[in-house]
Amino acid sequence: MKIFEKLFFRLNSREQSLLVLSLWVVFALFLVKMMQAGSAIWLDWRLALEEIKGHEMVIGLKPAIDAALEKQKVEQQNKSYDKNQLSNLASRLADQVFPQRDYRELSTDERERYKQHRVRITFKRASYEDVNEYAALIRQESPYMFLSEVKIEPNYPPKSRPYDPTTFDAVFEVSSVEFNKQ
């Protein structure tokens, strides 16, 4: 320490003032940076606590969700559709409405307690009534079969024939849930 004191007092008063001012500026910058880092850590901590509360809330809902799933499983026992039943029924209903439809089986999503089977039915240049009727037929099969996704795009007539009817390209993703037997 004595060495620093000797060096400091060897400097003239202007150099001493400049050195002291520089040290205060460095100290102030250090404090500002420490406060910014502390603030960032505190914000991260608060966000982590909020996320933990959210997870705890979901975990708290687990018994109610399990009970609702079990109730649904009992209600749908021997009534829910497996992949073949879903495919056959969705195809048959589509044939009733729009025989020119395109049909494709999609992969099955398997979860711990259930399997969700999906098929894709596509109508090209169908009337609005056909699209609406097919959706109504699927809704009648609820809750054992349901529309998980529907995309409808209109095909407007060309300007040269403005009185032609508007047709629709519709893609229906029809699903069913099959509960695992436990």
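All values reported here derive from a predicted model rather than from experimental measurement.

Asker: I tried to follow the nonpolar core on my own but got confused; where do I start?
Answerer: Within soluble globular proteins, side chains that are nonpolar tend to cluster in buried spots. In this structure, I121, F123, V131, Y134, M145, F172 and V174 are the most contacted members of the largest nonpolar core, which totals 22 residues. Among the secondary structure elements, those contributing two or more residues to this core are α3 (83–97), β3 (114–126), α4 (128–140) and β5 (167–179). The dominant element in this core, judged by the number of residues it contributes, is α3, at six residues. Those residues in contact with F172, other than ones at most four positions away along the chain, are V119, R120, I121, F123, V131, Y134, A135, L147, E149 and V150.

Asker: Honestly, the environment of I41 in this entry has me stumped. Any pointers?
Answerer: Mapped onto the secondary structure, I41 falls in helix α2 (residues 13–75). Taking C-alpha positions, I41 is 63 Å from K159, a pair spaced 118 residues apart along the chain.

Asker: Help me understand the side chain of S175, please; the structure alone is not making it clear to me.
Answerer: For S175, the location among the structural elements is in strand β5. A polar atom in the side chain of S175 sits 3.2 Å from the side chain of Q116. At a separation of 2.8 Å, a polar atom in the side chain of S175 contacts the side chain of S148. Once residues within four sequence positions are removed from consideration, S175 is found in contact with L86, Q116, H117, R118, Y144, M145, F146 and S148.

Reading guide: rules and limits
- Residues numbered from 1 in each chain as written.
- Predicted model: local features only at pLDDT ≥ 70, side-chain atom pairs only at ≥ 80, totals over all residues.
- Heavy atoms only, no water.
- Core = buried A, V, L, I, M, F, W, Y, C linked by side-chain atoms within 4.5 Å.
- Buried < 20%, exposed > 50% of the residue type's maximum accessible area, 1.4 Å probe, protein only.
- Helix = DSSP H or I, 4+ residues; strand = E, 2+ residues; numbered from the N terminus.
- Contact = heavy atoms within 4.5 Å.
- Polar contact = N/O pair within 3.5 Å; in protein donor to acceptor, adjacent residues only side chain to side chain.

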